[in-house]
Amino acid sequence: MKEYEMKVYQDLQQWRMKLLKPPSLVNRMGKKAQNKINGLIPEKAHHIMTEAIKNMVKATLVGSDMTTKKPKSGMSLYERDELLKEKLSAYRKTATVEGAGTGAGGIFLGLADFPLLLSIKIKFLFESAAVYGFDTKAYEERLFLLHVFQLAFSSEDKKKETLFVIENWDEQKEKLIDMDWRVFQQEYRDYIDLVKMLQLIPGFGAIVGAYANYNLLDQLGETAMNAYRLRVLTEVPKDY
């Protein structure tokens, strides 16, 4: 194994240990509180939110697939990592400007941030797949992409489940037909609820929105890079 790949392998082990670390007391208490609140929400409301996010994500998947270039070929893992870092920097700036703009507008523009930020995140994941040589025209690759999203934005327990699926993708993809959209939307919403509520406060929302969106993209970037690195080191894409 090449020297850079050895370094990446060590990075992956550290990343994996961080994901598998037991949740803190604060996180456990927060998750219990969120579960209690979710239990008070009528089932019809859960269904409406699930369908809304499902349709929003699927529409973004179609649009992102049409505007994403073909998978990169003939590049080393180092070159792929560096290219993704460049793309992440650009997407972070876009998300930061978007968060500041919608946050400055108070409640109504703050609400618009949710679908806008979601589309930025999904588009970034399409770019990530292409950088590492995976073709998102294949249904299984779009399904993998959504699992990367879920790994980035979910509770500690769900992260462990999702990491297992990603680490054993060749075996697990045969068992998957579609995402569990109810879990997908609830985990994502619980993950970002507090910070997005603060973003709705006029005069304070711009700062929170910019800072939150920057960090959410950073979190997604780390997760995407390591998830696709893992696949590159364990299964060689067709164009790699």
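Look up: the structure comes first, before these words.
Below: a short report on this structure. (Residues numbered from 1 in each chain as written. Predicted model: local features only at pLDDT ≥ 70, side-chain atom pairs only at ≥ 80, totals over all residues. Heavy atoms only, no water.)

Considerations on the overall build of the protein chain
- Along the protein chain, the regular secondary structure elements total 10 helices and 0 strands.
- Reading the protein chain from its N end, one meets helices and strands in the order α-α-α-α-α-α-α-α-α-α.
- Each of the 240 residues in the protein chain was classed as buried or not, and the buried ones make up 45%. (Helix = DSSP H or I, 4+ residues; strand = E, 2+ residues; numbered from the N terminus. Buried < 20%, exposed > 50% of the residue type's maximum accessible area, 1.4 Å probe, protein only.)

Focus on the nonpolar core
- Membership of the largest hydrophobic core comes to 51 residues, with the highest contact counts inside it found for Val57, Tyr132 and Leu146.
- When neighbours within four sequence positions are excluded, Leu146 is seen to be in contact with Val57, Leu61, Ile122, Met179, Trp181 and Phe184. (Core = buried A, V, L, I, M, F, W, Y, C linked by side-chain atoms within 4.5 Å. Contact = heavy atoms within 4.5 Å.)

Details of helix 7 (residues 156–167)
- Here helix 7 is 12 residues long and its end C-alpha atoms lie 16 Å apart, about the 16 Å a rise of 1.5 Å per residue gives.
- Inspection of helix 7 places Lys158, Lys159, Thr162, Leu163, Val165 and Ile166 among the buried residues, and these make up the whole buried set. Buried residues of helix 7 fall within an arc of 160° about the axis and therefore sit on the same side. (Expected span 1.5 Å × (residues − 1). Arc of directions from axis to C-beta.)

Structural notes on the packing of aromatic side chains
- Following the criterion strictly, the structure yields 12 aromatic pairs and no others.
- Summarising the aromatic geometry, the rings of Trp181 and Phe184 are spaced 5.2 Å apart at their centres and angled 65° between planes, so their arrangement reads as edge-to-face. Taken together, the positions of Trp181 and Phe184, both in helix 9 (residues 181–199) and 3 residues apart, correspond to about one turn of that helix. Of the two residues, Trp181 and Phe184, both sit in the buried class.
- One residue, Lys121, lies across the ring of Phe153, its end atom 4.2 Å from the ring centre. (Phe/Tyr/Trp six-rings, centres within 6.5 Å; stacked < 30°, edge-to-face > 60°. Lys NZ or Arg CZ within 6 Å of the ring centre and 35° of its normal.)

What about the side chain of Asn213?
- Mapped onto the fold, Asn213 is located in helix 10 (residues 205–234).
- In this structure the side chain of Asn213 is engaged in a polar contact, spanning 3.0 Å, whose partner is the backbone oxygen of Ala95. (Polar contact = N/O pair within 3.5 Å; in protein donor to acceptor, adjacent residues only side chain to side chain.)

Examining the pattern of salt bridges
- A full pass over the atoms with the stated rule returns 15 salt bridges.
- One salt bridge in this structure joins Glu127 and Lys123, with 3.7 Å as the shortest N-O distance. Highlighted residues: Glu127 and Lys123, both in helix 5 (residues 106–131), separated by 4 residues, approximately one helical turn. You'll find Glu127 and Lys123 in the same group, each marked buried.
- Of the charged contacts in the structure, one is a salt bridge between Glu161 and Lys158, with a shortest N-O distance of 3.1 Å. (Salt bridge = Lys/Arg side-chain N within 4 Å of Asp/Glu carboxyl O.)

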